[in-house]
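A structural walkthrough
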Amino acid sequence: MDPSGREDLSAFKIQSVRGVRDGDRLAAVALISDSSSILTLDLHFAIGSPTTLQSGSWIWSRPGRLLKGTASARTVTFLGGQDGPPSIGGAFDLTTSEGGVYQVNLPLTVLPRSFRPSTSSQQHP
């Protein structure tokens, strides 16, 4: 969602949300797209009471333009992960390097067990 109202982002749909829990950490990747662009969220959570977003980044590949920035959480919902796969959701603000902000609402989603996030050059504490 574009809070400024300058862009219609209603065609965007969640394509996949994948992640893996490792003890008190959860790494998740969400892919959101419309017919012409892809938004990738890379989110790292600290599991606890409450569960918090430890770090987050995003890349939005659009025709003729690449946007990226940091993600912060307004809300985080975490369920399970003890006897079954974990579920994660929440409301996130995506900030651009120019100071623009987009809002993403990720519904509570069960994470498949088979996913292993790729190792990236970015470190997450």
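Residues numbered from 1 in each chain as written. Predicted model: local features only at pLDDT ≥ 70, side-chain atom pairs only at ≥ 80, totals over all residues. Heavy atoms only, no water.

**Details of the pairing of strand E3 (residues 38-46)**
Most of E3 is tucked away: seven of the nine residues are buried. Count of turn residues in the strand E2 (residues 25-33)/E3 antiparallel hairpin: four residues. In the sheet, E3 pairs with strand E4 (residues 52-62) via nine bridges, with the strands oriented antiparallel. Bridging from a neighbouring strand, Asp-42 pairs with Ser-57 of E4. Between E3 and E4, which pair antiparallel one after the other, the connecting turn spans five residues. (Buried < 20%, exposed > 50% of the residue type's maximum accessible area, 1.4 Å probe, protein only. Helix = DSSP H or I, 4+ residues; strand = E, 2+ residues; numbered from the N terminus. Pairing = 2+ DSSP bridges.)

**Focus: the confidence of the model for the protein chain**
With 82% of its residues at a pLDDT of at least 70, the protein chain reaches an overall mean of 85. In the model of the protein chain, strand E1 (residues 13-22) stands out as the element of lowest mean pLDDT, 91, in contrast to E3, which has the highest, 97. In this model residues 120-125 is a low-confidence stretch, pLDDT under 50, and it forms seven contacts with partners more than four residues away in sequence or in other chains. (pLDDT = per-residue confidence, 0-100. Contact = heavy atoms within 4.5 Å.)

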